[in-house]
Amino acid sequence: MKDFTEYVITIIKAIPDGRVMTYGQIAKVAGKPRAARQVSWILHSMSQKYKLPWHRVINSKGEISLKGSEQKELLEMEGVHFSNLGKVNLDTYLWEPDEEELLHG
DNA sequence: TGAATGACAACCC
DNA sequence: CGGGTTGCCATTC
């Protein structure tokens, strides 16, 4: 497994309940600020083989990309509040991982 | 090989 | 603020 993919998976697994991260944010933390699309690829590819909290990954607008899925409900169940526009307040719920969080696994 | 694709993001008007 | 365009990078055909 490539380092980038491995790191992305590590980060996603480290997202706490009730918090979210954006594709671009994850890519940036994983070392490739422009690789947001690879993060999406990793998600729809790996989430079928590994158990990842993929529902905590949303786009930069704070919206759900997979409309019609249960992603929004999963987040609400964890305490993430959606506006009447179906958006999340990133200032409140966006999570920025600490090195300790990732190293601790 | 070259072209098309995608659970995105930043810009521009 | 909304919609369209361009840039990105790995994967697939």
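So, a few notes on the structure that sits alongside this text.

1. Remarks on the overall build of chain A
Right, so step 1: For chain A, the helix and strand inventory stands at 6 helices and 2 strands.
Right, so step 2: Reading chain A from its N terminus to its C terminus gives the helix and strand order α-β-α-α-β-α-α-α.
Right, so step 3: For 105 residues, the compact-globule formula gives about 13 Å, and the C-alpha radius of gyration of chain A, at 13 Å, lands near that figure.
Right, so step 4: Expressed along its principal axes, the backbone C-alpha trace of chain A runs to roughly 40 × 25 × 25 Å.
Right, so step 5: Residue burial in chain A is summarised as follows: out of 105 residues, 41% are buried.

2. As for the protein's contact with DNA strand C
Right, so step 1: Every residue near DNA strand C is listed here: Lys32, Arg34, Arg37, Gln38 and Trp41.
Right, so step 2: Take the atoms of DNA strand C that sit within 4 Å of the protein: sugar and phosphate atoms are 64% of them.
Right, so step 3: Considering only residue class, the surface near DNA strand C consists of 1 nonpolar, 1 polar and 3 charged.

3. A look at the nonpolar core
Right, so step 1: By size, the foremost hydrophobic cluster in this structure holds 21 residues, and its most contacted members are Phe4, Val8, Ile12, Ile26, Val39 and Val57.
Right, so step 2: Elements represented by at least two residues in this core include exactly helix H1 (3-13), helix H2 (23-29) and helix H3 (36-46).
Right, so step 3: It is H1 that provides the largest number of residues to this core, a total of 5 residues.
Right, so step 4: Sequence-distant contacts of valine 39, defined by excluding residues within four places in its chain, comprise Phe4, Val8, Tyr23, Ile26 and Ala27.

4. Details of the pattern of salt bridges
Right, so step 1: All told, the structure shown has 2 salt bridges when counted by the stated rule.
Right, so step 2: Across the salt bridge formed by arginine 56 and glutamate 78, the nearest N and O atoms sit 2.8 Å from each other. Taken together, the residues arginine 56 in the loop between H3 and strand E2 (57-58) and glutamate 78 in helix H4 (residues 71-78) connect sequence positions 22 residues apart.
Right, so step 3: Given the relative accessible area of 8%, arginine 56 is considered buried.

What counts and how
- Residue positions within a chain follow its written sequence, with the count starting from 1.
- The naming scheme follows written order: chains are lettered A onward, ligands numbered 1 onward.
- Local features in this predicted model are restricted to residues whose pLDDT is 70 or higher, and side-chain atom pairs enter the listing and the counts only when it is 80 or higher, whereas totals over whole chains, interfaces and linings include all residues.
- Hydrogens and water are ignored here; the side-chain numbers use all heavy atoms of the structure.
- Going along the chain from the N terminus, every DSSP run of H or I of four or more residues is numbered as a helix, and every run of E of two or more is numbered as a strand.
- For the radius of gyration, the atom set is restricted to C-alpha positions; the globular benchmark scales as 2.2 Å times the number of residues to the power 0.38.
- Relative accessible area decides the class of each residue, using a 1.4 Å probe on protein chains only: under 20% of the type maximum gives buried, over 50% gives exposed, and in between gives partly exposed.
- Definition of nearness: a residue and a molecule or strand are near each other if at least one heavy atom of the residue lies within 4 Å of the molecule or strand.
- Three categories are distinguished: nonpolar for Ala, Val, Leu, Ile, Met, Phe, Trp, Tyr, Cys and Pro, charged for Asp, Glu, Lys and Arg, and polar for the others, with Gly belonging to the last.
- What makes a nonpolar core is a set of buried Ala, Val, Leu, Ile, Met, Phe, Trp, Tyr and Cys residues whose side-chain atoms join them at distances within 4.5 Å.
- Here, residues are in contact when the closest pair of their heavy atoms is within 4.5 Å.
- For this analysis, a salt bridge means a side-chain nitrogen from Lys or Arg found within 4 Å of a carboxyl oxygen belonging to Asp or Glu.

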